[in-house]
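A structural walkthrough
Each chain, letter by letter, is given below.
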Amino acid sequence: MPNLVTKYFEMLQTIDIQQQLIKERNKRYKAVDVLKWVQEVFDDIDATQKSVLVRLSQSPIQKTINSFNINEVDTDAIFHTSEIKKICINYRLRFLDTRYFKSDYPKEVISKIKALEENHATTLDGFKIIAPSKLFELNEADDPLLFAPMGNGYYYLIHKWGKDLHPLRKLKYWSVKNVENLGVAIFAISFLLTIITKDFFFYDEVNFGYLFMLFLFYVKGVMGMIFFLGASSGKNFSEYCWLSKYNKIS
């Protein structure tokens with residue numbers, strides 16, 4: 001009789017779903033089989049991660065356009081080449097295939113790629129990345145953005161990581177954005193140098209002719225110095241190098 005009462009109370013106890021799942025799994029696998037099954041699960045995860053990393057390191061491999069399910073896309077993650085180009089030029093960034101990217105990828109990148117592939121029933125390829133040029137040479141992380149091509153000049157943002165860019169980066173590289181900006185910068189620097197040093201060169205009589213000559217002297221000097229440094233370092237304007245895989249003019 002006590003045994004029947006005990007069994008009755010056991011039947012009325014709350015049910016732990018995890019324990020029920022374990023019981024169901026153990027019906028299918030023996031103890032040794034469970035360990036083997038766990039190892040197979042980890043092996044599958046490992047193989048998937050390696051597959052993604054291989055595609056990132058060699059992209060593009062087979063295709064440069066990916067098919068996306070329109071019902072699953074995030075509209076805030078779709079960008080056109082013209083928008084990417086403008087941002088890259090303004091902040092002196094590169095937009096290159098991931099095969100040229102030398103930094104490490106966080107785990108979130110792998111997870112998001114796998115999730116996208118499952119949601120869209122596809123295998124992504126042709127990955128591109130926005131990052132400062134140094135990230136294509138050194139092992140650093142300053143705000144890289146990973147994209148997958150959608151076709152017709154559109155790209156899908158997969159993941160963004162690392163530190164945000166400095167708020168003054170756009171101003172820092174404004175003068176090397178294009179030839180016009182460099183010209184304005186040269187004239188502005190020359191004008192400031194003329195105003196600052198005019199009293200050093202002209203003690204008493206200062207007229208427009210003398211100031212204009214001094215201004216032209218500084219224009220020539222600043223221009224010569226900038227072109228010498230630019231030629232020796234091999235650097236190019238941002239509007240020409242945002243898609244370039246080379247660190248120097250070739």
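Above this text is the structure in question.
Now for a quick tour of the structure.

Cut-offs and rules
- Residues numbered from 1 in each chain as written.
- Predicted model: local features only at pLDDT ≥ 70, side-chain atom pairs only at ≥ 80, totals over all residues.
- Heavy atoms only, no water.
- Pairing = 2+ DSSP bridges.
- Helix = DSSP H or I, 4+ residues; strand = E, 2+ residues; numbered from the N terminus.
- Axes fitted to C-alpha atoms, helices over the stretch in contact; angles between N-to-C directions.
- Contact = heavy atoms within 4.5 Å.
- Phe/Tyr/Trp six-rings, centres within 6.5 Å; stacked < 30°, edge-to-face > 60°.
- Buried < 20%, exposed > 50% of the residue type's maximum accessible area, 1.4 Å probe, protein only.
- Lys NZ or Arg CZ within 6 Å of the ring centre and 35° of its normal.
- Expected span 1.5 Å × (residues − 1).
- Bend = angle between axes of the 7 residues up to and from the residue.
- Polar contact = N/O pair within 3.5 Å; in protein donor to acceptor, adjacent residues only side chain to side chain.
- Salt bridge = Lys/Arg side-chain N within 4 Å of Asp/Glu carboxyl O.
- Core = buried A, V, L, I, M, F, W, Y, C linked by side-chain atoms within 4.5 Å.

1. Some remarks on the sheet that holds strand β1 (residues 78-80)
- If you trace the five strands from one edge of the open sheet to the other, you get β1-β5-β4-β3-β2, paired in antiparallel fashion. In this open sheet, the two edge strands, each paired with only one partner strand, are β1 and β2 (94-97). Averaged over all adjacent pairs, the angle separating strand axes in this sheet is 35°, with direction ignored.
- The pairing of β2 with strand β3 (residues 128-131) spans four bridges and is antiparallel. Residue pairing in the sheet places phenylalanine 95 in a bridge with isoleucine 130 of β3.
- Against the sheet, helix α4 (residues 81-90) engages β1, β2, β3, β4 (145-151) and β5 (154-160), with an angle of about 75° to β1.
- Here helix α5 (residues 107-120) sits on the sheet in contact with β4 and β5, set at roughly 135° to β5.

2. A short note on the packing of aromatic side chains
- Tallied over the entire structure, the rule returns 11 aromatic pairs.
- Considering the side-chain rings of phenylalanine 95 and tyrosine 155, the 5.0 Å spacing of their centres and the 90° angle between planes classify their relative orientation as edge-to-face. With phenylalanine 95 in strand β2 and tyrosine 155 in strand β5, this pair connects stretches of sequence that are 60 residues apart.
- When its relative accessible area of 1% is taken as the criterion, phenylalanine 95 is described as buried.
- By the ring-pair criterion, three or more aromatic residues cluster together here, those being Phe79, Phe95, Phe147, Tyr155 and Trp242.
- Between lysine 128 and the ring centre of phenylalanine 95, over which it is positioned, the NZ or CZ distance is 5.5 Å.

3. As for helix α7 (residues 179-201)
- Between its terminal C-alpha atoms α7 stretches 31 Å, which fits the 33 Å expected from 23 residues at 1.5 Å a residue.
- Roughly 40° is the biggest bend found in α7, and it falls at isoleucine 195.
- Regarding α7, the residues found buried are Asn181, Leu182, Ala185, Ile186, Ser190, Thr194 and Thr197.
- By the N-cap criterion, in which a side-chain oxygen at the helix start approaches the backbone nitrogen of a residue two or three places on, α7 is capped by asparagine 178, the distance to glutamate 180 being 3.3 Å.

4. Notes on the side chain of aspartate 97
- Along the chain, aspartate 97 falls in strand β2.
- For aspartate 97, a relative accessible area of 18% puts it in the buried group.
- Setting aside residues no more than four positions away along its own chain, aspartate 97 makes contact with Ser59, Pro60, Phe127, Lys128 and Phe136.

5. Focus on the pattern of salt bridges
- Within the structure shown, the criterion is met by two salt bridges.
- In this structure, the salt-bridge partner of glutamate 117 is arginine 55, at a minimum N-O distance of 2.4 Å. Here the residue glutamate 117 occupies a position in helix α5, and arginine 55 occupies one in helix α3 (residues 31-58), the gap between them amounting to 62 residues. Neither residue differs from the other here; glutamate 117 and arginine 55 are each classed as buried.
- Of the charged contacts in the structure, one is a salt bridge between lysine 128 and aspartate 97, with a shortest N-O distance of 3.0 Å. Taken together, the positions of lysine 128 in strand β3 and aspartate 97 in strand β2 put the pair 31 residues apart, joining distant regions of the chain. The pair lysine 128 / aspartate 97 is uniform in exposure class, with both members buried.

6. A short note on the nonpolar core
- Ranked by size, the top nonpolar core spans 33 residues in total, and within it Leu56 and Ile113 carry the most contacts.
- For this core, the secondary-structure elements that each account for two or more residues are α3, α4, β2, α5, β3, β4 and β5.
- In this view, isoleucine 113 contacts Val52, Leu56, Leu124, Phe127, Leu146 and Ile158; residues no more than four positions away in its chain are not counted.
- Ranked by size, the runner-up nonpolar core spans six residues in total, among them Leu182, Val219, Val222 and Phe237.

This is a description of form; function is not addressed.
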